[in-house]
Amino acid sequence: MKLTRRDFLIKGTALFATLGLGGALFTETGKSLWAGSSETSVEDPVLVVVQLSGGNDGINTLIPYGQGLYYDSRPTLAYGQKEILALDSHVGLHPSLTGLAALYKLGKMAIIQGVGYPEPNHSHFRSMEIWQTAEPAKMSRSGWLARYAESSLQRNPNPLKVIQIGGSGSKAFASDQSSFPVIQSLESYHVFDPKTALMDKNRITKAFLDMYGASNSPNQLRVISARGSEAYKSVEAIQSLAATYTKKIEYPNTNFARELQLVTKLLAGKSGTRLFNVEVGGFDDHADEKLQHAQMLTQVDEGLTAFYQDLQAQGLQDRVAVMVFSEFGRRVKENGSGGTDHGTAAPMFVIGGKVKGGLYGAYPSLSNLDNGDLKYEVDFRSVYSTLINSWLNGDTATVLGKTYENLKFI
């Protein structure tokens, strides 16, 4: 039976699982695509970006216990000096971050203090967009990771070179030219619904090619077809690569930890992926912060600690750098609801076997404020620039529009 375009749109798409590129997508062949190429190497450096969504309280993450104003400003939220995981005589980590504190002591974690940008924005949406596009002064249609991929990885045909794990798709990967796979889980990442009969698979695939692959199809549909083909190419590769993973480390039972484990599965299977993005939410602590923030930081700490241990067990720790950020920090003073409101500057973490651990930048003053907010000490684009130039072997000027200070943490 011949399918009309309407039949395909109404009936056919119901048989597919969403691949994160605007709908269910597939290509003309079931042949395995992953054969590598001369332009890519499974030994190339990898960047994993971890996004703490909601505005993580940087002051209670990297705690300035050496500043008396910390205790004055946070009568119920402040931690006592004996509780804090001291890094030096001035600052220490939140009590929940025991695993990260151990990595810091091993010299495998760099902490960049007081990171922000000029004229900060307190909106979750706009501030996250600024971080993801690296454009504080204007709106941008492209993300900074997409610009890196298109400038430095343009000759790399690997469909798995850039992957968003979980979430709905970071604007860091936004592009008018390229599409990158978004994987919610291995179980759901399929071209066809597993229950779809083979005859139906073949029939719908042919219908798609007949309608959208034709030279007289509207340009937009040909673009959809091309992007669908690329999406399909990622599916079989991901399923087969993850199957080669040998579990060596026990991960916590959280979505965040499972997503980090998926990163290790793909890298251990030699996926050749260069960029991953992982998100974990729940940091918008306007009320009852102390318990909630401790729980979220525990989740982050346990997930990242297991991830690093697994990378070590797989012999991958020297190939991977993990950058942890949030869209903004919180205000210095706690509010009347036992929480904190949207603020500005906050610390960033960079973790990895090749990272030069330590404290970078200066902790912002708790007294010299901008209308109650911390004044940033380090432009976040300096962190990006350092990773682009010194880790990913890219060109900062192409990706960010100009050069920035190299912070030398890697």
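Residues numbered from 1 in each chain as written. Predicted model: local features only at pLDDT ≥ 70, side-chain atom pairs only at ≥ 80, totals over all residues. Heavy atoms only, no water.

Naming follows an unreviewed UniProt entry, where the chain appears as DUF1501 domain-containing protein of Paenibacillus plantarum.

Chemist: Which residues make up the pattern of salt bridges, and what values do they have?
Modeler: For side chains bearing opposite charge, pairing can occur when the charged atoms are close. Under the definition given, this model contains 9 salt bridges. Of the charged contacts in the structure, one is a salt bridge between arginine 274 and aspartate 44, with a shortest N-O distance of 3.8 Å. Of the two residues, arginine 274 is situated in the loop between helix H8 (255–268) and strand S8 (275–281) and aspartate 44 in the loop between helix H1 (5–10) and strand S1 (46–53); the sequence distance between them amounts to 230 residues. What makes arginine 274 buried here is its relative accessible area of 6%. With a shortest N-O distance of 2.7 Å, aspartate 379 and arginine 381 are connected by a salt bridge. (Salt bridge = Lys/Arg side-chain N within 4 Å of Asp/Glu carboxyl O. Helix = DSSP H or I, 4+ residues; strand = E, 2+ residues; numbered from the N terminus. Buried < 20%, exposed > 50% of the residue type's maximum accessible area, 1.4 Å probe, protein only.)

Chemist: Lay out the nonpolar core in plain terms, naming residues and giving numbers.
Modeler: One finds Val48, Val50, Leu93, Met109, Phe276, Leu304 and Val322 to be the most contacted residues of the largest nonpolar core, which totals 62 residues. No other element matches the 9 residues that helix H9 (residues 289–313) contributes to this core. The residues contacting valine 50, other than those within four sequence positions of it, are Phe256, Leu260, Val278, Leu304, Val322, Met323, Val324 and Phe325. Core analysis: the second largest hydrophobic core is formed by 42 residues, Ile112, Val115, Val383 and Trp391 among them. (Core = buried A, V, L, I, M, F, W, Y, C linked by side-chain atoms within 4.5 Å. Contact = heavy atoms within 4.5 Å.)

Chemist: Explain the pairing of strand S6 (residues 162–165) to me, using residue names and the numbers behind them.
Modeler: Within a regular strand, the side chains alternate between the two sheet faces. Burial of S6 is two-sided: the residues Val162 and Gln164 facing one way and the residues Ile163 and Ile165 facing the other way are all buried. Alignment of S6 against S8, held across 4 bridges, turns out to be parallel. Within S8, the position partnered with glutamine 164 by the bridge is asparagine 277. (Pairing = 2+ DSSP bridges.)

Chemist: Can you explain helix H10 (residues 380–390)? Please cite residues and give values.
Modeler: Burial analysis of H10 places 9 of its 11 residues in the buried class, the great majority of the element. Along H10, the residues that are buried comprise Phe380, Arg381, Ser382, Val383, Tyr384, Ser385, Thr386, Leu387 and Ile388.

Chemist: Tell me about the confidence of the model for the chain, residues and numbers included.
Modeler: Averaged over all residues, the pLDDT of the chain is 84; the fraction at 70 or higher stands at 76%. Taken together, the stretch residues 217–229 has pLDDT below 50 and engages in 25 contacts with residues farther than four places along the chain or on a different chain. (pLDDT = per-residue confidence, 0-100.)

Chemist: Summarise the sheet that holds strand S4 (residues 92–93); cite the residues concerned and give the values.
Modeler: Spatial ordering of the open sheet is given by S2-S4-S3, a layout of 3 strands whose pairing is antiparallel. Bordering the open sheet on either side are strand S2 (62–63) and strand S3 (85–86), each of which pairs with just one other strand.

Chemist: I'd like a rundown of the packing of H8 against H9, residues and numbers included.
Modeler: Two quantities define a packed helix pair, namely the angle between the axes and the distance from one axis to the other. Axis separation between H8 and H9 bottoms out at 9 Å; the angle between their running directions is 20 degrees. Comparing their axes, H9 and H8 come out roughly parallel. For the crossing formed where H8 meets H9, the hand is right-handed. In this structure, H8 uses Phe256, Ala257, Leu260, Gln261, Val263 and Thr264 to contact H9, whose residues at the interface are Gln299, Val300, Gly303, Leu304, Phe307, Asp310 and Leu311. For the contact of H8 with H9, the per-class residue count stands at 8 nonpolar, 4 polar and 1 charged. (Axes fitted to C-alpha atoms, helices over the stretch in contact; angles between N-to-C directions. Parallel < 35°, antiparallel > 145°, perpendicular 65-115°, else oblique. Left-handed = near helix turned anticlockwise from the far one by under 90°. Nonpolar A, V, L, I, M, F, W, Y, C, P; charged D, E, K, R; others polar.)

Chemist: Please give an account of the packing of helix H3 (residues 98–105) against H9 that cites residues and values.
Modeler: For the pair H3 and H9, the least separation of the axes is 7 Å and the interaxial angle reads 45 degrees. Classified by the interaxial angle, the pair formed by H3 and H9 is oblique. Residues Thr98, Gly99, Leu100 and Leu103 of H3 lie in contact with H9, whose contacting residues are Asp301, Leu304, Thr305 and Tyr308. Residue composition of the contact of H3 with H9, by class: 4 nonpolar, 3 polar and 1 charged.

Chemist: Give me the packing of aromatic side chains: which residues, what numbers.
Modeler: Per the counting criterion, the structure on display carries 9 aromatic pairs. Ring geometry for tryptophan 131 and tyrosine 384: centres 6.4 Å apart, planes at 70 degrees, overall edge-to-face. Note that tryptophan 131 is positioned in helix H4 (residues 124–133) and tyrosine 384 in helix H10, a separation of 253 residues in sequence. The exposure class assigned to tryptophan 131 is buried, which follows from its relative accessible area of 3%. Connected via pairs of aromatic rings, a cluster forms that spans Tyr117, Trp131, Trp144, Phe325, Phe380 and Tyr384. A cation sits over an aromatic face here: lysine 290 above tyrosine 79, 4.5 Å from the ring centre. (Phe/Tyr/Trp six-rings, centres within 6.5 Å; stacked < 30°, edge-to-face > 60°. Lys NZ or Arg CZ within 6 Å of the ring centre and 35° of its normal.)

Chemist: Let's hear about unusual backbone geometry: which residues, and what values?
Modeler: For glutamate 119, which is not glycine, the phi torsion reads 45 degrees and is therefore positive. Position of glutamate 119 relative to the elements: it lies in the loop between strand S5 (109–116) and H4. A relative accessible area of 76% places glutamate 119 in the exposed class. Positive phi values are uncommon outside glycine, yet lysine 270 reaches one of about 65 degrees. Looking at where lysine 270 falls in the secondary structure, it is placed in the loop between H8 and S8. Using a relative accessible area of 48% as the deciding quantity, one classes lysine 270 as partly exposed.

Chemist: I'd love a proper account of the environment of threonine 344, names of residues and values included.
Modeler: In this structure, threonine 344 sits in the loop between strand S9 (320–326) and strand S10 (346–352). By relative accessible area, threonine 344 is classed as buried at 10%. Sequence separation between threonine 344 and glycine 116 is 228 residues, and the spatial gap between their C-alpha atoms is 6.5 Å. Not counting the four nearest positions on each side in its chain, threonine 344 is found in contact with Pro120, His122, Phe328, Gly329, Arg330, Asp373 and Leu374. A polar contact of 2.7 Å, which involves the side chain of threonine 344, links it to the backbone oxygen of leucine 374. (Polar contact = N/O pair within 3.5 Å; in protein donor to acceptor, adjacent residues only side chain to side chain.)

Chemist: Report on the pairing of S9, specifying residues and quantitative values.
Modeler: Among the 7 residues in S9, 7 count as buried, and that is most of the element. Along S9, one buried face is formed by Val320, Val322, Val324 and Ser326 and the opposite face, lined by Ala321, Met323 and Phe325, is buried too. Across 7 bridges, the pairing between S1 and S9 is parallel. Residue pairing in the sheet places leucine 47 in a bridge with alanine 321 of S9. Two strands pair when backbone bridges link them, and S9 and S10 are joined in this way by 4 bridges, in the antiparallel orientation. Looking across to S10, one finds that valine 322 is bridged to isoleucine 351.

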